[in-house]
Every structure is written in C-alpha cells, then in structure tokens.
Amino acid sequence: MTLTVTLPTVEDTHAFGRRLAGVLRAGDLLLLTGPLGAGKTALTQGIGAGLGVLGAITSPTFVIARVHRPDPARGGTVALVHADAYRLGDAADPRAEIDDLDLDASVDDSVTVVEWGEGLVEQLVDTHLRVRLDRREDDTRLVELEPVGGDWARRLAALR
C-alpha cells in the first residue's frame, strides 16, 4: 500500500510532517529521496515539530548527521536523528561512511530520517518507510510513502 499526498505549499509540507510524526515511534527509519529542493528537509522539520524535539532542524548536508533530543516541555519523548547521505554518494565505499556515523547505535531509541539514504541504510532495521518527494513546476510537492515490512501499512492508514 503506497500513500500519495499532494502538498501545495511548504507550510503544508511542515503540517504533513507533524501529522506523520503522530504515527512514528522509536526504532522507525525513514528514507527520504527526491531532487534538490523537493522538500525533504521541510518534511523533516515538520516531523521534528511533531515529535517535540530540541533545536532548529536544518539540512545536515555538511555535518552529515544531527541528533535532536526530545524536549519534555514540548511533549517530546523520542529523539530524532536526521542524516543526509548526499555527499556520501561520491565516496569509494559510501556504506563504510554510513557505518562510521554509528546510526545503528541510536536507531532503536530514536526516529531516524535519512535523506538520500536509499541503498545505503536499509540494513539498519527490518522495516522502514520510503518517502519519495517530487516538486512540480508550480512548487506543489507530491509525496509518496511506501511501507517496507512491519506494521507501516496500518500506521499509514491513519494518515488518510
């Protein structure tokens, strides 16, 4: 079951991320793909807001990964790990660089969102959610969520 959502504005992308956060839990892995400017970071900002984490969520392209701790004052109970594998694609062995990030050390206790991670991080968990974002010429975003294993299909049904 693939869920497809059309998001007319960046604000709608943030709002959908907040809704998506409502079905996420520790141990979840989301793989975000799509061209530059498609809204991957905007979606993650919404997820972070929905999870109630600390810190501004910005693109981790140059730092590769950031950990946002939960903010109990905002209702946060689970950390968000936000990684970007974009710059790793040119490495001789990008999987070794992913291993160096130690994402497997935090994946069970956090929601892990990896931009450009398809083909690199799926082995971290048994199930994951593929999220494909496309940006149309009118700036509308088209988001496709594809569950891979687990109870993702049931959880995504709550977003319909």
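Everything here concerns the structure above.
If you're wondering where the values come from, they're calculated on a predicted model, not measured in any experiment. (Residues numbered from 1 in each chain as written. Predicted model: local features only at pLDDT ≥ 70, side-chain atom pairs only at ≥ 80, totals over all residues. Heavy atoms only, no water.)

(A) Layout of the overall build of the chain. Helix and strand counts for the chain stand at five helices and seven strands. Walking the chain from its N terminus toward its C terminus, one meets helices and strands in the order β-α-β-α-β-β-α-α-β-β-β-α. Looking at the chain residue by residue over its 160 residues, the buried ones come to 48%. Look at the contacts in the chain between residues 6 or more apart in sequence, and 66% of them connect residues 24 or more apart. When the accessible surface of the chain is split by element, carbon and sulfur atoms take 48% of a total near 7,600 Å². (Helix = DSSP H or I, 4+ residues; strand = E, 2+ residues; numbered from the N terminus. Buried < 20%, exposed > 50% of the residue type's maximum accessible area, 1.4 Å probe, protein only. Contact = heavy atoms within 4.5 Å. Areas by Shrake-Rupley, 256 points an atom, 1.4 Å probe, with all protein chains shown as cover.)

(B) Seen up close, the packing of aromatic side chains. Applying the stated rule across the entire model yields zero aromatic pairs. One residue, arginine 155, lies across the ring of tryptophan 152, its end atom 4.0 Å from the ring centre. (Phe/Tyr/Trp six-rings, centres within 6.5 Å; stacked < 30°, edge-to-face > 60°. Lys NZ or Arg CZ within 6 Å of the ring centre and 35° of its normal.)

(C) Quick look at helix α1 (residues 10-21). For α1, which comprises twelve residues, the first-to-last C-alpha distance of 17 Å matches the rise-based estimate of 16 Å (1.5 Å per residue) to within 8%. Contacts made by the buried residues of α1 are with β1 (3-7), β2 (29-33), α2 (40-51), β6 (128-135), β7 (141-148) and α5 (152-157). Measuring from the side-chain oxygen of the N-cap residue of α1 to the backbone nitrogen of glutamate 11 gives 3.3 Å; that N-cap residue is threonine 9. (Expected span 1.5 Å × (residues − 1). Polar contact = N/O pair within 3.5 Å; in protein donor to acceptor, adjacent residues only side chain to side chain.)

(D) Representation of the packing of α1 against α2 within the structure. It is the contact of α1 with α2, at a shortest axis distance of 6 Å, that shows an interaxial angle of 45°. Taken together, the axis directions place α1 and α2 in an arrangement best described as oblique. Like other packed secondary-structure pairs, α1 and α2 cross with a definite hand, here right-handed. On α2, the residues that touch Val10, Thr13, His14, Phe16, Gly17, Arg18, Leu20 and Ala21 of α1 are Ala42, Leu43, Gln45, Gly46, Ile47, Ala49, Gly50 and Leu51. Classifying every residue of the contact of α1 with α2 by side-chain character gives nine nonpolar, six polar and one charged. (Axes fitted to C-alpha atoms, helices over the stretch in contact; angles between N-to-C directions. Parallel < 35°, antiparallel > 145°, perpendicular 65-115°, else oblique. Left-handed = near helix turned anticlockwise from the far one by under 90°. Nonpolar A, V, L, I, M, F, W, Y, C, P; charged D, E, K, R; others polar.)

(E) Focus on the pattern of salt bridges. Applying the stated criterion to the full structure yields seven salt bridges. Arginine 25 is paired through a salt bridge with aspartate 151; the nearest N and O atoms lie 2.9 Å apart. Here arginine 25 is found in the loop between α1 and β2, whereas its partner aspartate 151 is found in the loop between β7 and α5, with 126 residues between them in sequence. Residue classification places arginine 25 among the partly exposed positions, given a relative accessible area of 39%. Aspartate 151 sits in the partly exposed class, given a relative accessible area of 23%. Here the salt bridges do not stand alone but share partners, grouping Arg25, Asp28, Asp151, Arg154 and Arg155 into one network. (Salt bridge = Lys/Arg side-chain N within 4 Å of Asp/Glu carboxyl O.)

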